[in-house]
Amino acid sequence: MNGLNTILILVGLFLIGGVISFVKQGMPKGLIVLVSIAAGMCLVAGVLRLDFWN
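Keep in mind it's a predicted model, so treat the numbers as computed, not measured.

**As for the packing of helix H1 (residues 3-25) against helix H2 (residues 29-48)**
Running from N to C, H1 and H2 point in directions that differ by 155°, and their axes come no closer than 8 Å. Relative to H2, H1 is oriented roughly antiparallel. For the crossing formed where H1 meets H2, the hand is left-handed. Of the residues in H2, those touching H1 at Asn5, Leu8, Ile9, Val11, Gly12, Leu13, Leu15, Ile16, Val19, Phe22 and Val23 are Leu31, Ile32, Val35, Ser36, Ala38, Ala39, Cys42, Leu43, Ala45, Gly46 and Val47. Split by residue class, the contact of H1 with H2 holds 18 nonpolar, 4 polar and no charged.

Structure representation (structure tokens):
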């Protein structure tokens, strides 16, 4: 696995943890949606860049 792939996947997982925390704290829905989109983009980019997909 490439270093960038690892970083993207880890950042995506970190952001998912942030989304769960934001939901528990009752943060604004707009912020939750924005962080969810960012987490999804990081995870998808990390998975798509894996060596076995190329």
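**Overview of H1**
Between its first and last C-alpha, H1 extends 33 Å over 23 residues, near the 33 Å set by a 1.5 Å rise per residue. Regarding H1, the residues found buried are Asn5, Leu8, Ile9, Gly12 and Val19. Buried positions along H1 lie against H2. Residue Gly26 follows H1 closely and has a positive phi angle near 75°.

Conventions used here
Residues numbered from 1 in each chain as written. Predicted model: local features only at pLDDT ≥ 70, side-chain atom pairs only at ≥ 80, totals over all residues. Heavy atoms only, no water. Axes fitted to C-alpha atoms, helices over the stretch in contact; angles between N-to-C directions. Helix = DSSP H or I, 4+ residues; strand = E, 2+ residues; numbered from the N terminus. Parallel < 35°, antiparallel > 145°, perpendicular 65-115°, else oblique. Left-handed = near helix turned anticlockwise from the far one by under 90°. Contact = heavy atoms within 4.5 Å. Nonpolar A, V, L, I, M, F, W, Y, C, P; charged D, E, K, R; others polar. Expected span 1.5 Å × (residues − 1). Buried < 20%, exposed > 50% of the residue type's maximum accessible area, 1.4 Å probe, protein only.

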